[in-house]
Structures are given as structure tokens and as C-alpha cells.
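The primary structure of each chain is shown beneath.
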Amino acid sequence: MGVLKEIIINFFKEPFTELHPFVKKKPKERFRGRILYEADRCIGCRLCEKYCPVKAVDFHEKGRIDFDMGKCIYCGLCRDVCPVKCIHYTHAFEYASSNKEKLRKNLV
Amino acid sequence: MHDFVMPVGPQSPALKEPMLLKLKLEGEEVRSVDMRLGYTHKGVEGLLEGKNVDQAMYVASRICGICSISHERAFIRTVEDMMKKEVNERVKLIRTILFELERISSHLLWAGFMMHEIGFDTLFQYLWREREGVLDLFESICGNRVHKNICKIGSLRYDIAPVQEREVLDCLDSMQEKLKDYEDEIKKNKVIKERLKGVGKISKKTAIEYGLIGPNARASGIDNDVRRIDPYDSYADINFKTIVIKKGDAMERTLLRMREVHESMGIIRQCVEMLPSEKIPKFSLTNIKEGEAIGRVEAPRGELFYFLKVEDGLIRRAKVRTPTFAFIKILEKILKGVKIGDVPVIVASLDPCFSCMERVLVAKEDREEWMTEAEFRRKYSC
Ligand code: SF4
Ligand code: SF4
């Protein structure tokens with residue numbers, strides 16, 4: 001009986017699925033999306049590079065770091081170890097690309 | 001009558017993961033089974049080596065997408081054991097809540113697949129809709145739906161806010177009634193009964209012989225639950241039943257998991273009630289120079305075991321034994337003599353997770369082989 005009841009109720013319900021590309025879905029507040037790096041506050045300590053488990057952080061010089069989002073596993077360790085907290089997560093999640101260079105370019 | 005060898009897989013023999021079963025058939029009956037594994041070997045143990053424990057935890061949690069908190073938790077238990085570190089009450093309770101939420105999500109995922117396997121797609125969709133609520137909770141609490149990465153050694157990344165406590169309880173309330181209905185449906189529906197009753201029976205003796213663990217063992221009458229025999233987190237202070245059933249067929253395994261979901265809900269409710277108001281400690285990097293420890297937790301599929309050896313602050317050797325690794329061999333025994341149509345149902349009813357079980361294991365009966373570690377790595381490229 002249970003399933004039959006569900007079927008009848010569901011006839012009169014709004015669809016459960018979301019119309020994502022047309023109605024933009026907002027991620028939850030703690031969502032870890034693309035990394036945002038504040039270049040001017042960075043002190044160049046290289047801790048983020050040292051601790052990244054998948055070597056996704058390319059340290060060129062103080063204030064110029066590339067986070068390779070193609071490699072990143074969104075673990076959040078670089079943000080946690082940064083002494084001046086200049087690494088943040090944005091809510092951006094739609095940046096899939098077949099061009100790897102685009103994934104390496106930073107959101108600043 | 002001649003023998004006929006039929007390959008099932010490697011593309012998705014039961015669950016959506018690769019494994020090849022070579023079934024020797026006589027008519028419709030399976031005479032013998034040959035298993036081929038290793039399609040998704042990732043060499044994670046090798047990846048863990050040379051990393052420090054903070055980094056390695058994130059890699060370990062990526063061994064399995066469904067039980068990522070279990071892997072994290074087992075890893076952390078090992079490391080905290082090594083450091084003799086005690087964590088505070090709130091952290092323990094939150095970890096327990098998340099751990100049980102993961103069990104619910106995993107069991108519902110599996111129950112859905114099971115229904116899909118026998119062609120009952122309506123129930124499959126309903127079960128997965130309920131699971132969606134749990135995944136939303138994960139997104140709200142941990143930030144991600146799949147690889148949650150909320151645990152830290154000695155602490156947690158995020159606390160649970162009072163709003164989220166409410167969300168958790170609301171989600172459980174809305175799920176409870178419906179899951180009861182679905183469970184009744186599984187019990188009563190004629191099609192499900194025909195497909196599952198008496199199929200893939202595992203007796204207690206066989207279960208012990210083949211070292212079955214987790215829900216599969218409990219469905220065969222073995223009281224095996226790490227949460228009870230070796231309690232961690234808050235399990236020692238919480239009232240919960242370990243559900244044990246005797247019959248051990250696919251139907252009982254399905255019902256057992258559905259009942260475990262209800263048990264998990266009870267655990268979560270108790271934990272939320274017990275949450276103290278203290279703060280969780282701030283994250284700090286782990287300072288560990290040397291040590292060796294083992295740790296185990298009860299993952300949704302059974303006991304998950306970790307061994308870690310740390311030298312100079314880096315992991316020197318890691319060994320992971322996932323639940324599926326312990327019981328996959330039993331397929332060779334229970335598939336013998338069944339009808340070919342029952343094979344996917346039986347494989348699925350064990351709830352195997354192939355991609356996390358793929359480890360290198362060298363066992364040679366006929367001759368001994370001695371190798372140095374370097375030679376071994378070269379030969380098996382790990
Ligand atoms: S989030 Fe993790 S994987 Fe990504 S760049 Fe930071 S440390 Fe590396
Ligand atoms: S850890 Fe922070 S301050 Fe240090 S180099 Fe990385 S971004 Fe700059």
C-alpha cells in the first residue's frame with residue numbers, strides 16, 4: 001500500500017529535479033568551489049605548496065601562485081595551513097574546460 | 001552435455017563497477033566460477049607513502065566515494081592511537097553523527113541498486129530520493145556531497161550549528177515513515193519475494209570459513225560489529241542494538257540493512273540530544289615523528305582496517321584492508337549451483353565495492369618466492 005500511496009501523492013507534486021542551467025542552483029554556504037587567491041596579502045611562505053597532497057599548487061614567486069584546479073581535490077588543506085588566510089573557496093563550480101591552461105589560471 | 005563458459009562483466013556485472021566472472025555453465029546452472037579482479041587498481045597505498053599524515057588523510061578518504069568518512073575515520077583512529085591523543089566529547093559525537101549518516105546513505109544507495117537489479121525501478125527511485133536528503137545534509141554540514149573531508153586529526157573542520165542540528169532531525173523525521181513503508185513493501189511484494197527469498201544462502205559455518213564481516217555476516221547469524229567489540233567515538237555511551245538474523249539469504253540481507261538504517265537513525269537522535277555546548281578545538285598541524293599503529297572502524301560494509309607506519313614525519317608503509325576484500329572470495333562458493341539469472345542478484349546482495357578493495361595480494365601455493373621490496377615494486381608496479 002505504501003508505494004501506491006506515494007505514487008498517487010507524487011502525481012500532484014512539483015518535479016523533484018532541479019532546472020539547473022535555467023534556474024541557477026546556489027551551493028550551500030560551506031561548499032568548496034574554485035580557489036580564490038589574494039595575491040597582495042600573500043607573504044610567500046610556500047606552506048600551501050608544501051602541504052598540497054596532489055601537488056596542485058605551483059609557486060612561482062611571492063604573490064604569483066597558480067592553483068591547478070584540474071589536479072586539486074578540494075581538500076582545503078592549503079587554506080587551513082596558510083598563516084595569513086589569503087586562500088579562500090568561492091561558490092563557483094561551473095568551470096569545466098577541455099583547455100587545461102584555463103584550469104590553471106587563477107581567480108584573483 | 002558440454003560445458004559453456006560465459007563471461008559476466010567486466011563492465012558492471014552487478015553494481016556499477018568492474019569485475020569479471022567467468023561462469024562455467026551446464027544448461028542454466030553455474031558449475032564453477034572464476035573471478036578476475038584488478039580493473040580499477042589505483043595503488044593508493046603507494047600514494048600514501050612519503051606523505052605526512054595531514055596530507056595522507058585526504059588521499060585515504062578518496063579510496064571510496066561512498067564511505068569516505070569511514071576511511072577518514074579509520075585513518076584518524078590509527079593516527080590518534082599513535083599519538084595517544086584524546087579528543088573532546090563534542091568532536092566524538094559529531095563524528096558519530098556523520099558516520100551514521102554515511103551508513104544510512106550507503107545502505108539506501110545499495111538498497112536502491114538491489115531493487116534496480118531485480119527490476120523494481122519505482123522503489124529504486126524512491127529509495128534514492130530519500131538518500132538525496134542525506135546528501136544535502138552532507139553538503140550543508142561538510143561542504144561536499146561525496147568526498148566530505150570534514151574530519152581533522154584531533155578535531156573537525158566545521159562544527160554543527162544549531163540550525164543544522166534541526167536540519168538533521170527534520171531529515172530523519174521525514175525519512176522514517178517512508179522507509180518503514182518501503183520496508184513493508186519489500187517484505188510483502190510478491191515479485192521481490194520470488195527473486196530474493198532463499199537466493200544466495202550463506203550458512204553460519206560457511207560465513208565463518210570465508211571470514212564474512214559486516215552486515216553480510218550479521219545476516220548469517222554472526223554477531224560481528226566493531227562498534228560494539230572495539231568501541232570508538234561515542235559508541236560506548238550510546239544505546240543501540242546490533243541486528244543479527246539467522247537465515248542469510250538475499251532477502252534477509254536486504255531487510256537487515258533496512259533495519260540498520262533505523263538503528264542508525266536512533267543513534268543519530270541520541271547523539272544530537274547529547275551534544276554538549278563546548279567548542280571544538282582549533283585545527284593545528286600534526287606533529288608526529290615516529291610511530292606504528294593499527295586502527296579499525298565499522299564501515300557500512302563491515303570492518304575497515306588500517307595499518308600505518310610513520311618514520312621521520314612521513315608515512316613509510318600503509319596497509320588498508322577494506323571490507324569487500326575480506327569477503328569477495330565467498331562468491332566462488334555461493335554462486336556454485338545457482339541459476340544464471342540469479343547471479344547479478346547474489347553478487348549485488350553482498351554489497352561489494354570493487355574499486356576500494358583492489359589491493360595487491362600475492363599468494364602462491366606451489367612455490368615460495370622471495371623478493372626485496374624494490375623488486376616487488378618493480379614486478380607489480382606499485
Ligand atoms: S585544496 Fe587541497 S588539493 Fe586543492 S590546491 Fe589546496 S591543498 Fe591542493
Ligand atoms: S601559504 Fe598563504 S601566505 Fe604562504 S605562500 Fe601560500 S598563499 Fe602565500
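Residues numbered from 1 in each chain as written. Chains lettered and ligands numbered in written order. Predicted model: local features only at pLDDT ≥ 70, side-chain atom pairs only at ≥ 80, totals over all residues. Heavy atoms only, no water.

## Digging into the overall build of chain A
At step 1: Check the secondary structure of chain A and you find four helices and four strands.
At step 2: From first element to last, N terminus to C terminus, chain A shows the α and β order α-β-α-β-β-α-β-α.
At step 3: In terms of C-alpha radius of gyration, chain A reaches 20 Å, well past the compact-globule figure of 13 Å for 108 residues.
At step 4: For chain A, the C-alpha atoms occupy an extent of roughly 65 × 30 × 25 Å along the three principal directions.
At step 5: With 108 residues in all, chain A has 40% of them scored as buried.
At step 6: For chain A, long-range pairs separated by at least 24 residues make up 67% of all intrachain contacts whose partners lie at least 6 apart in sequence. (Helix = DSSP H or I, 4+ residues; strand = E, 2+ residues; numbered from the N terminus. Rg over C-alpha atoms; globule rule 2.2 N^0.38 Å. Buried < 20%, exposed > 50% of the residue type's maximum accessible area, 1.4 Å probe, protein only. Contact = heavy atoms within 4.5 Å.)

## Concerning unusual backbone geometry
All names here are of chain A.
At step 1: For Arg 46, which is not glycine, the phi torsion reads 65 degrees and is therefore positive.
At step 2: Along the polypeptide, Arg 46 turns up in the loop between strand S1 (35-37) and helix H2 (47-51).
At step 3: Classification of Arg 46 as partly exposed rests on a relative accessible area of 41%.

## Overview of the pattern of salt bridges
When charged atoms on two side chains of opposite charge get close, those side chains can pair.
At step 1: Here the structure, examined in full by the defined rule, presents 42 salt bridges over all chains.
At step 2: One salt bridge connects Glu 49 of chain A with Arg 46 of chain A, and the closest N-O pair in it is separated by 2.9 Å.
At step 3: Note on Glu 49 of chain A: relative accessible area 28%, which makes it partly exposed.
At step 4: A salt bridge links Arg 218 of chain B to Glu 298 of chain B, with the nearest nitrogen and oxygen atoms 3.0 Å apart. Of this pair, Arg 218 of chain B sits in helix H9 (residues 214-219) while Glu 298 of chain B is found in strand S6 (residues 291-299), placing the two residues 80 residues apart along the sequence.
At step 5: When its relative accessible area of 0% is taken as the criterion, Arg 218 of chain B is described as buried. (Salt bridge = Lys/Arg side-chain N within 4 Å of Asp/Glu carboxyl O.)

## Things to note about the interface of chain B and chain A
At step 1: With 33 residues of chain B at the contact, the number on the chain A side is 26 residues.
At step 2: For the pair chain B and chain A, the summed buried area comes to about 2500 Å², and 51% of that belongs to carbon and sulfur atoms.
At step 3: Summed over the three residues of chain B that lose the most area to chain A, namely Gln 55, Arg 129 and Glu 139 of chain B, the buried surface amounts to 21% of that side.
At step 4: Our enumeration of links across chain B and chain A arrives at two salt bridges.
At step 5: Notably, a salt bridge pairs Asp 80 of chain A with Lys 152 of chain B, separated by 2.4 Å at the nearest N-O pair. (Buried area = accessible area lost by both parts, 1.4 Å probe.)

## Things to note about the sheet that holds S6 of chain B
All names here are of chain B.
At step 1: The sheet built from three strands is open, its strands ordered S6-S7-S8 with antiparallel pairing. Whereas interior strands pair on both sides, the edge strands pair on one side only; in this sheet they are S6 and strand S8 (314-321). Across the sheet, the mean angle separating the axes of adjacent strands is 15 degrees when strand polarity is ignored.
At step 2: Relative to S8, strand S7 (residues 302-311) is paired through seven bridges, and the arrangement is antiparallel. Its bridge partner lying in S8, Phe 305 is registered against Arg 321.
At step 3: Against the sheet, helix H3 (residues 68-83) makes contact with S6, S7 and S8, and its axis sits at roughly 145 degrees relative to S6, the strand it touches most. (Pairing = 2+ DSSP bridges. Axes fitted to C-alpha atoms, helices over the stretch in contact; angles between N-to-C directions.)

## What to know about the site of ligand 2
At step 1: Every one of the 14 residues lining ligand 2 counts as a neighbour, but Cys 42, Cys 45, Arg 46, Cys 48 and Cys 82 of chain A are closest to it.
At step 2: Residues of the shell around ligand 2, tallied by class, amount to twelve nonpolar, one polar and one charged. (Near = heavy atom within 4 Å. Nonpolar A, V, L, I, M, F, W, Y, C, P; charged D, E, K, R; others polar.)

## Section: the sheet that holds strand S3 (residues 29-36) of chain B
Residues and elements named next belong to chain B.
At step 1: Here we have three strands laid out as an open sheet, ordered S1-S2-S3, and antiparallel in their pairing. Two strands close off the open sheet at either side, each with one partner strand: strand S1 (4-8) and S3. On average, each strand axis in the sheet is tilted by 25 degrees relative to the strand beside it, whichever way the strands run.

## With respect to helix H11 (residues 250-274) of chain B
At step 1: For H11 of chain B, spanning 25 residues, the distance from its first C-alpha to its last is 36 Å, which sits close to the expected 36 Å at 1.5 Å a residue.
At step 2: Among the 25 residues that make up H11 of chain B, 19 are buried, leaving the element largely enclosed by the rest of the structure. (Expected span 1.5 Å × (residues − 1).)

## Quick notes on the site of ligand 1
At step 1: In the region of ligand 1, 13 residues are neighbours, and Cys 52, Cys 72, Cys 75, Cys 78 and Tyr 89 of chain A sit closest.
At step 2: Looking at the shell around ligand 1 residue by residue, the classes come out as twelve nonpolar, one polar and no charged.

## A closer look at the packing of helix H4 (residues 89-117) of chain B against H11 of chain B
The angle between the axes and the distance between the axes are what describe a pair of packed helices.
Residues and elements named next belong to chain B.
At step 1: Remark: H4 packs on H11, axes separated minimally by 9 Å, with the N-to-C direction vectors making an angle of 155 degrees. By the criterion of interaxial angle, the relationship of H4 to H11 is roughly antiparallel. The interaxial crossing formed by H4 with H11 has left-handed handedness.
At step 2: The residue makeup of the contact of H4 with H11, split by class, is 17 nonpolar, four polar and five charged. (Parallel < 35°, antiparallel > 145°, perpendicular 65-115°, else oblique. Left-handed = near helix turned anticlockwise from the far one by under 90°.)

## Considerations on the packing of aromatic side chains
Residues and elements named next belong to chain B.
At step 1: Following the criterion strictly, the structure yields ten aromatic pairs over all chains and no others.
At step 2: Geometrically, the ring pair formed by Tyr 126 and Tyr 182 is stacked, given 5.8 Å between the ring centres and 10 degrees between the ring planes. With Tyr 126 in helix H5 (residues 121-142) and Tyr 182 in helix H6 (residues 162-188), this residue pair connects regions lying 56 residues apart in the sequence. Tyr 182 matches Tyr 126 in its accessibility class, with the two residues each being buried. (Phe/Tyr/Trp six-rings, centres within 6.5 Å; stacked < 30°, edge-to-face > 60°.)

## What about the confidence of the model for chain B?
At step 1: The pLDDT averaged across chain B works out to 86; a share of 93% of its residues lies at or above 70.
At step 2: The ipTM value of the predicted complex is 0.85, and its pTM value is 0.89. (pLDDT = per-residue confidence, 0-100.)

## Section: the packing of helix H2 (residues 53-61) of chain B against H3 of chain B
Residues and elements named next belong to chain B.
At step 1: In contact at an axis separation of 8 Å, H2 and H3 are set at 150 degrees when each is read in the N-to-C sense. For the element pair H2 / H3, the angle class is roughly antiparallel. For the pair H2 and H3, the crossing hand works out as right-handed. Contact residues: H2 offers Val 53, Ala 56, Met 57, Ala 60 and Ser 61, while H3 offers Ser 68, His 71, Glu 72, Phe 75, Ile 76 and Val 79.

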